[in-house]
Amino acid sequence: DEARLKVEELAHRDGYRYIHSANEPLLVAGVGTVGLEILEDLPDVDFIFAPVGGGSGAAGISIVARAANPRIQVIGVQSDKAPAAYLSWKQGNLVETDSCETFADGLATRCAFQLTQEILRQNLADFVLVSEEELERSIVLLLEKTHNLAEGAGAAALAGALKCRDRVAGKKVVVELSGGNLTATKLREILQKHNVGSNP
């Protein structure tokens, strides 16, 4: 958030073209191509779980899913330690929180944004919050079962799907795995905490 505010200040002062991380239609359109790729591989998908920070990714995917097949349910997932977008979606107005203490950098924003909120309100079937513990467990599960290293935001979609497991049982479900920028230190901490690789 501090970097965003500084860039906005410089853009206003010096006349730069500022590409906002959420309030940018071309960005939403670009990340919406993820939705096209999903539908190419699994056109009869029932649920798509997408992580939400500023919301551009989930917004783009939800536009594509609704246009292709309104039956598809797109569910946004955010950390309960950085719930600004979730609270805004629930309340119908933009909410700013005092802090965003999640380790999931891609979800760490204290405020919601007008453009993505408008799209998410129109298109999301639901929005869920997950705990830091659930994010960590999803990182471990992805590493153990799929051999993919996900950062906190990258594992959020799986954490959301696991939280909704009864609702999605027997359905065709996509979880967006979006990012692997996890430091070695944080990975080691998570693996030790969850007793991965330790001797019995």
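Novice: When you look at unusual backbone geometry in this model, what are you seeing that I'm missing?
Specialist: What is expected of a backbone is that most residues other than glycine have negative phi and most peptide bonds are trans. The phi dihedral of H147 is positive, around 60°, even though this residue is not glycine. Following the sequence through the fold, H147 ends up in the loop between α7 (132–146) and α8 (152–163). Residue H147 is classed as exposed on the basis of its relative accessible area, which comes to 67%. For N195, which is not glycine, the phi dihedral falls at a positive 55°. The class of N195 is exposed, set by a relative accessible area of 56%.

Novice: Can you walk me through the nonpolar core in this structure?
Specialist: General note: in soluble globular proteins, nonpolar side chains tend to be found buried as a group. Core analysis: the biggest nonpolar cluster contains 27 residues, and F49, V77, L135, I139 and I190 have the highest contact counts within it. Counting residues per element, the ones that place at least two in this core are β1 (47–51), β2 (73–79), β3 (126–130), α7, α8 and α10 (184–193). Sorting elements by how many residues they give to this core places α8 first, with 7 residues. Those residues in contact with I139, other than ones at most four positions away along the chain, are F103, A150, E151, G152, A155, L182 and I190. By size, the runner-up hydrophobic cluster in this structure holds 23 residues, among which are A50, A59, W89 and V174.

Novice: Would you take a moment to explain the packing of aromatic side chains for this structure?
Specialist: Working definition: an aromatic ring pair is given by the centre-to-centre distance plus the angle between the planes. All told, the structure shown has 3 aromatic pairs when counted by the stated rule. On the basis of an interplanar angle of 85° and a centroid distance of 5.5 Å, the ring pair of Y86 and F127 is categorised as edge-to-face. Of the two residues, Y86 sits in helix α5 (residues 84–91) while F127 sits in strand β3, which places them 41 residues apart along the sequence. Counting every residue linked through ring pairs, the aromatic cluster contains Y86, W89 and F127.

Novice: Even after reading the chapter, I still don't get α7, so can you show me in this structure?
Specialist: Three or four residues apart is the spacing at which side chains of an α-helix point the same way, because the helix has 3.6 residues per turn. The end-to-end C-alpha distance of α7 is 21 Å, a good match for the 21 Å that 15 residues give at a rise of 1.5 Å each. Those residues of α7 lying buried are E132, E134, L135, E136, S138, I139, V140 and L142. Turning to α7, the residues buried within the fold contact β2, β3, α8 and α10.

Novice: Sorry, what's going on with the pairing of β1 here?
Specialist: Successive residues of a regular strand alternate their side chains across the two faces of the sheet. Across the 5 residues that make up β1, a large majority, 5, are buried. Side chains F47, F49 and P51 project from β1 onto one buried face, and the interleaved I48 and A50 project onto a second face that is buried too. Summarising the sheet, β1 and β2 pair through 5 bridges and their orientation is parallel. From the neighbouring strand, F47 faces β2, where its bridge partner is Q73.

Novice: Is there a simple way to explain the packing of α7 against α10 in this structure?
Specialist: When two helices pack together, you describe them by how their axes are tilted relative to each other and by the distance separating the axes. Running from N to C, α7 and α10 cross one another at 95°; their axes reach a closest spacing of 10 Å. The orientation of α7 with respect to α10, classified from their angle, is roughly perpendicular. Note on element contacts: α10 touches α7 through K186, L187, I190, L191 and K193, opposite E133, E136, I139, V140 and L143. Residues that form the contact of α7 with α10 fall into these classes: 6 nonpolar, no polar and 4 charged.

Novice: Whenever I open this one, the pattern of salt bridges confuses me. Can you help?
Specialist: Between side chains of opposite charge, a pair can form as their charged atoms come close. Summed over all chains, the structure comprises 13 salt bridges. Across the pair D44 and K172 runs a salt bridge, and its minimum N-O distance is 2.4 Å. A residue pair is termed long-range when its members are at least 10 positions apart, and D44 in the loop between α3 (33–41) and β1 and K172 in the loop between α9 (165–168) and β4 (173–175) qualify at 128 residues. Notably, a salt bridge pairs K163 with E134, separated by 3.5 Å at the nearest N-O pair. Within this pair, whereas K163 is found in helix α8, its partner E134 is found in helix α7, the two being separated by 29 residues in sequence. The class for K163 is partly exposed, based on a relative accessible area of 45%. Members of the salt-bridge network, linked through shared partners, are E133, E136, R137 and K193.

So, how was this worked out
- Residues numbered from 1 in each chain as written.
- Predicted model: local features only at pLDDT ≥ 70, side-chain atom pairs only at ≥ 80, totals over all residues.
- Heavy atoms only, no water.
- Helix = DSSP H or I, 4+ residues; strand = E, 2+ residues; numbered from the N terminus.
- Buried < 20%, exposed > 50% of the residue type's maximum accessible area, 1.4 Å probe, protein only.
- Core = buried A, V, L, I, M, F, W, Y, C linked by side-chain atoms within 4.5 Å.
- Contact = heavy atoms within 4.5 Å.
- Phe/Tyr/Trp six-rings, centres within 6.5 Å; stacked < 30°, edge-to-face > 60°.
- Expected span 1.5 Å × (residues − 1).
- Pairing = 2+ DSSP bridges.
- Axes fitted to C-alpha atoms, helices over the stretch in contact; angles between N-to-C directions.
- Parallel < 35°, antiparallel > 145°, perpendicular 65-115°, else oblique.
- Nonpolar A, V, L, I, M, F, W, Y, C, P; charged D, E, K, R; others polar.
- Salt bridge = Lys/Arg side-chain N within 4 Å of Asp/Glu carboxyl O.

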